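# Chain and residue survey
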Amino acid sequence: KQEVTQIPAALSVPEGENLVLNCSFTDSAIYNLQWFRQDPGKGLTSLLLIQSSQREQTSGRLNASLDKSSGRSTLYIAASQPGDSATYLCALGSSNTGKLIFGQGTTLQVKP
Amino acid sequence: GAVVSQHPSWVICKSGTSVKIECRSLDFQATTMFWYRQFPKQSLMLMATSNEGSKATYEQGVEKDKFLINHASLTLSTLTVTSAHPEDSSFYICSARGPSADTQYFGPGTRLTVL
């Protein structure tokens, strides 16, 4: 059974810092991996989608990497801003059915 | 971009009543929608997969007779929590599979509180 773990559970950094969020999974047979952002009491916003055959994806200040052999993905946020404060979730798709298995999330606070 | 709406955004009901939550894809057709539940400070747990025109597929441990799902059109799926109890209080989020099969668009969620 696939298990997804995100460390740390919470992170507080000063504005301007570069930071890395971690996601690990137990079964390397994945279809894709996605990173989402969730603001308090809100739904999810997709940030980056990495297909199984890809190693990384970039969007603006965000870069996500995928290493299936080690069962890890990282989300790198450059030059963090207070507006980046949110919970970041990684989710694994195990097949093309669209089903996603979510990690517990990392709650990020960027202090001005 | 693709937008998914949910209605209501929040609902408070008495124990024993039934509550219906709607999930709509506003500008695209979705043959597949998903329903998730999120308890406080926990992650999203998939409850069921809703396919237009056919029965929903429920995840292990989710009671299909308690959580009724109907996907009657390509833009609407409904989740009915029957005989709700306080332990059903949660944040319910739907997602719709977009034109690109790998893309899902999430609704804003519905906060259910059962007294």
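Everything here concerns the structure above.
Residues numbered from 1 in each chain as written. Chains lettered and ligands numbered in written order. Predicted model: local features only at pLDDT ≥ 70, side-chain atom pairs only at ≥ 80, totals over all residues. Heavy atoms only, no water.

Time to look at the sheet that holds strand β7 (residues 67–73) of chain B. Residue and element names in this part refer to chain B. Reading across the sheet, the four strands line up as β1-β3-β8-β7 and stay open at both edges, with antiparallel pairing between neighbours. Strands at the two margins of the open sheet, each flanked by one partner only, are β1 (4–7) and β7. With strand direction ignored, the average angle separating the axes of adjacent strands in the sheet is 15°. Of the strand pairs in this sheet, strand β3 (residues 19–25) and strand β8 (residues 76–81) are connected by six bridges, and their pairing is antiparallel. Within β8, the position partnered with Cys 23 by the bridge is Ser 77. (Pairing = 2+ DSSP bridges. Helix = DSSP H or I, 4+ residues; strand = E, 2+ residues; numbered from the N terminus. Axes fitted to C-alpha atoms, helices over the stretch in contact; angles between N-to-C directions.)

Contact residues are listed per partner, giving 18 residues for chain B and 20 residues for chain A. Taken together, the two surfaces of chain B and chain A that pack against each other cover about 1,500 Å², and 47% of this comes from carbon and sulfur. Counting the surface chain B buries against chain A, the share from its top three residues, B:Ser43, B:Asp102 and B:Phe106, is 38%. One can count one salt bridge joining chain B with chain A. The residue A:Lys99 makes a salt bridge to B:Glu59 at a minimum N-O spacing of 2.9 Å. Along the contact surface separating chain B from chain A lie six residue pairs in polar contact (both at pLDDT 80 or more). Put simply, the parts of the chain that give the side of chain B that touches chain A at least two residues each are β4 (32–38), β5 (44–51), β9 (90–97) and β10 (104–106) of chain B. (Contact = heavy atoms within 4.5 Å. Buried area = accessible area lost by both parts, 1.4 Å probe. Salt bridge = Lys/Arg side-chain N within 4 Å of Asp/Glu carboxyl O. Polar contact = N/O pair within 3.5 Å; in protein donor to acceptor, adjacent residues only side chain to side chain.)

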